[in-house]
Amino acid sequence: MASGTADTPPADAAKEKKVCKRTQRTGTRFYTEICKTAAEWAAIEEQSKRDAREMIDRPLQNTQRDN
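Summarised in this report is the structure supplied together with it.

Analysis parameters
- Residues numbered from 1 in each chain as written.
- Predicted model: local features only at pLDDT ≥ 70, side-chain atom pairs only at ≥ 80, totals over all residues.
- Heavy atoms only, no water.
- Phe/Tyr/Trp six-rings, centres within 6.5 Å; stacked < 30°, edge-to-face > 60°.
- Lys NZ or Arg CZ within 6 Å of the ring centre and 35° of its normal.
- Disulfide = S-S within 2.5 Å.
- Helix = DSSP H or I, 4+ residues; strand = E, 2+ residues; numbered from the N terminus.
- Buried < 20%, exposed > 50% of the residue type's maximum accessible area, 1.4 Å probe, protein only.

The full count for this structure, using the stated rule, is zero aromatic pairs. Residue placement shows Lys21 over the ring face of Trp41; its charged tip is 4.4 Å from the ring centre. In this structure, Arg22 is placed above the aromatic ring of Tyr31, and the distance from its NZ or CZ to the ring centre is 4.2 Å.

So, in structure tokens, the structure goes:
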């Protein structure tokens, strides 16, 4: 037999596999299923972390009025 390379999936196959998640929108009791690749979910999570970090690090604006 061959060395087994035909049976071994490529390293990128795990990233190409679809992962489905159920999410619930605010104001409804119904769920929506969203399917994306593992790489797409990782990119979304990284962007969310970046956005949260940006909001935390953003300097506060002066909201007091001068009278």
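Before going further, it helps to examine the state of the cysteines. As enumerated under the stated definition, the model contains one disulfide in all. The disulfide bridge from Cys20 ends at Cys35, spanning 1.9 Å between sulfur atoms. Between Cys20 and Cys35, the S-S torsion sits near 105 degrees, and that sign places the bridge as right-handed. Highlighted residues: Cys20 in strand 1 (residues 18-24) and Cys35 in strand 2 (residues 31-37), separated in sequence by 15 residues. Since its relative accessible area comes to 41%, Cys20 is described here as partly exposed. Take Cys35: its relative accessible area is 35%, and that puts it in the partly exposed class.

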